[in-house]
Amino acid sequence: MDKTSSFSSHEGKPIRCKAAICRKAGEALVIEEIHVYPPQAYEVRIKIICTTLCHTDLAFSKYNSGPVVRFPRILGHEAVGVVESIGEHVDGFKQGDVVLPVFHPHCEECRDCKSSKGNWCTRFAEDIVSNTRRYGMASRFKDSMGEDIHHFFFVSSFSEYTVVDIAHLVKISPEIPVDRAVLLSCGVSTGIGAAWKTADIEEGSTVAVFGLGAVGLAVGEGARLRGAAQIIGIDINPDKFALGKEFGFTDLVNPTLCGDKKISEVIKKIAGGGVDYSFECVGITSVLSEAFISTRTGTGKTVALGINPAAPTELHSFDLFRGKHVCGSLFGGLKPKLDIPVLVDRYLKKVYYLFAYSFVNAYKLYFISNLHELNLDSFITHELKFEDINKILLLFAFDLLEKGKSLPCILWMDKK
Ligand code: NAD
Ligand code: ZN
């Protein structure tokens, strides 16, 4: 079926559709009919196929002050969609393309986007306040009363249609199932990128990961694929340990069960003096300090991924003199347009494992299993219909997230 045929008739006109609107901090989202205006130059209007609900959406539905807090707004920042129409000067995208919107910009033209180092787009990344990248506070959403609705992190995927700047859009292979691709829109890419790009883990390394949500588990997956010898997972919620095993963590530690020992002492003991790499994937500064202390003197590297804008961090300068490194990583150091297609390819690539079993002097049996090289399948723990977001968002999905029982929950736009 031609994916473009059903919705291209709206080109150049507003589309009326449903969106979940966050009207006030702490209140349940309300599904309303809205108008999504046509894309302007350098913008693309996309039909969302599925989106996720994760901790960042939860946090921003509750904050009621701060520079990026505005109401009413459409949350949602991880999604997969199909291009419905394009504005002027849009190269590289056409109707029907499968695309991934990403909160982190990649203009491809500024000095930093052109450099092979880092992923900070100096042209756009400083501005986290605007609705649209090139038009400031102009919004592409209006409610039924004609009032503007604000965007969220340049994505706003809790809507059947959204408008995204091309600096925030990645074209992906239609071969990857959309419920796997959606994971690459934020947290999972961040974790894998942090392991591969920011830390650049080598084979045989020792690694500690603090916090086993989507970001931390993805760091573990990145470390596994790099051939790390020891991957230690730390979480206060033991329910996360079964998933940790699935992702190849070699040791799992609950810091609340370490008696009077600090978690850094326990990690140093397990890793014979300290880990080569540690990752903070929680967003608590005391956890960052412990992650830092857990690394090897001389060469240890700590990567801060958890976000806690309010709290200052204390690190002992003597440790820094002794060669320990610490750095932060936004979107895992990945340049979205270059690196997400690589992750898609690694998922699509199949690997074969050979298992040999020998029986008493007689038979040998060989089993070959055909698995995806990059494990995205295990990240899927819960799926919901988008239309149920109103009823169950605060009661069910967010509750699951807050109690740590769910990884990002996938919301399907069209599923009945
Ligand atoms: P999550 O809430 O799903 O996972 C956090 C995990 O940390 C949970 O399993 C929780 O039980 C555990 N935890 C809580 N307190 C702990 C403690 N004291 N010690 C050890 N574990 C503890 O979150 P997530 O979606 O995986 O995101 C993790 C962090 O990364 C968040 O702060 C998020 O905002 C941030 N994030 C950063 C980027 C980036 O680009 N740097 C991108 C996405 C998310
Ligand atoms: Zn740039």
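- An unreviewed UniProt entry lists the chain under the name Enoyl reductase (ER) domain-containing protein, from Brassica rapa subsp. trilocularis.
- Regarding the chain, the UniProt comment filed under Cofactor (unreviewed entry) reads as follows: "Zn(2+)".
- Among the UniProt annotations of the chain, the heading Subunit (unreviewed entry) holds the following wording: "Homodimer."

With respect to the site of ligand 1
Part 1 of the reasoning: Close to ligand 1 lie 23 residues; H55, D235, K240, S329 and F331 are nearest.
Part 2 of the reasoning: Here an oxygen atom of ligand 1 sits 3.1 Å away from a polar atom, N or O, in the main chain of V282.
Part 3 of the reasoning: One of the backbone nitrogen or oxygen atoms of I307 is found 3.0 Å away from an oxygen atom of ligand 1.
Part 4 of the reasoning: When isolated, ligand 1 has an accessible area of 870 Å², and the protein chains bury 85% of it.
Part 5 of the reasoning: For the shell around ligand 1, the class distribution of residues is 14 nonpolar, seven polar and two charged.

Re the packing of helix α4 (residues 187–198) against helix α10 (residues 336–348)
Two numbers describe a pair of packed helices, the interaxial angle and the distance between the axes.
Part 1 of the reasoning: Closest axis-to-axis distance for the α4/α10 pair is 12 Å, and the angle between their directions is 95°. Put simply, α4 runs roughly perpendicular to α10. Between α4, through S189, I192, W196 and K197, and α10, the contact on the second element is made entirely by D339, I340, L343 and R346.
Part 2 of the reasoning: Split into classes, the residues belonging to the contact of α4 with α10 amount to four nonpolar, one polar and three charged.

A short note on the coordination of the zinc ion (ligand 2)
For a metal with four tetrahedral donors the ideal donor-metal-donor angle is 109.5 degrees, whereas six octahedral donors ideally subtend 90 or 180 degrees.
Part 1 of the reasoning: Ligation of the zinc ion (ligand 2) by protein atoms is provided by C107 (SG), C110 (SG), C113 (SG) and C121 (SG), these donors lying 2.3 to 2.4 Å from the ion.
Part 2 of the reasoning: Note that the zinc ion (ligand 2) binds four donor atoms; their angles at the metal cover 102 to 120°, and the shape is tetrahedral.
Part 3 of the reasoning: Mapping the donors of the zinc ion (ligand 2) onto the primary sequence gives the spacing C-x2-C-x2-C-x7-C. With C110 in the loop between β5 (98–101) and α2 (111–114) and C121 in the loop between α2 and β6 (141–143), this residue pair connects regions lying 11 residues apart in the sequence.

Quick notes on the rules
- Residues numbered from 1 in each chain as written.
- Chains lettered and ligands numbered in written order.
- Predicted model: local features only at pLDDT ≥ 70, side-chain atom pairs only at ≥ 80, totals over all residues.
- Heavy atoms only, no water.
- UniProt positions renumbered as here; feature names shortened; annotations may be inferred.
- Near = heavy atom within 4 Å.
- Polar contact = N/O pair within 3.5 Å; in protein donor to acceptor, adjacent residues only side chain to side chain.
- Areas by Shrake-Rupley, 256 points an atom, 1.4 Å probe, with all protein chains shown as cover.
- Nonpolar A, V, L, I, M, F, W, Y, C, P; charged D, E, K, R; others polar.
- Axes fitted to C-alpha atoms, helices over the stretch in contact; angles between N-to-C directions.
- Helix = DSSP H or I, 4+ residues; strand = E, 2+ residues; numbered from the N terminus.
- Parallel < 35°, antiparallel > 145°, perpendicular 65-115°, else oblique.
- Contact = heavy atoms within 4.5 Å.
- Donors = N, O, S within 2.8 Å, 3.2 Å for Na, K, Ca; no water.
- Tetrahedral: all angles 85-135°; square planar, octahedral: opposite > 155°, others 65-115°.

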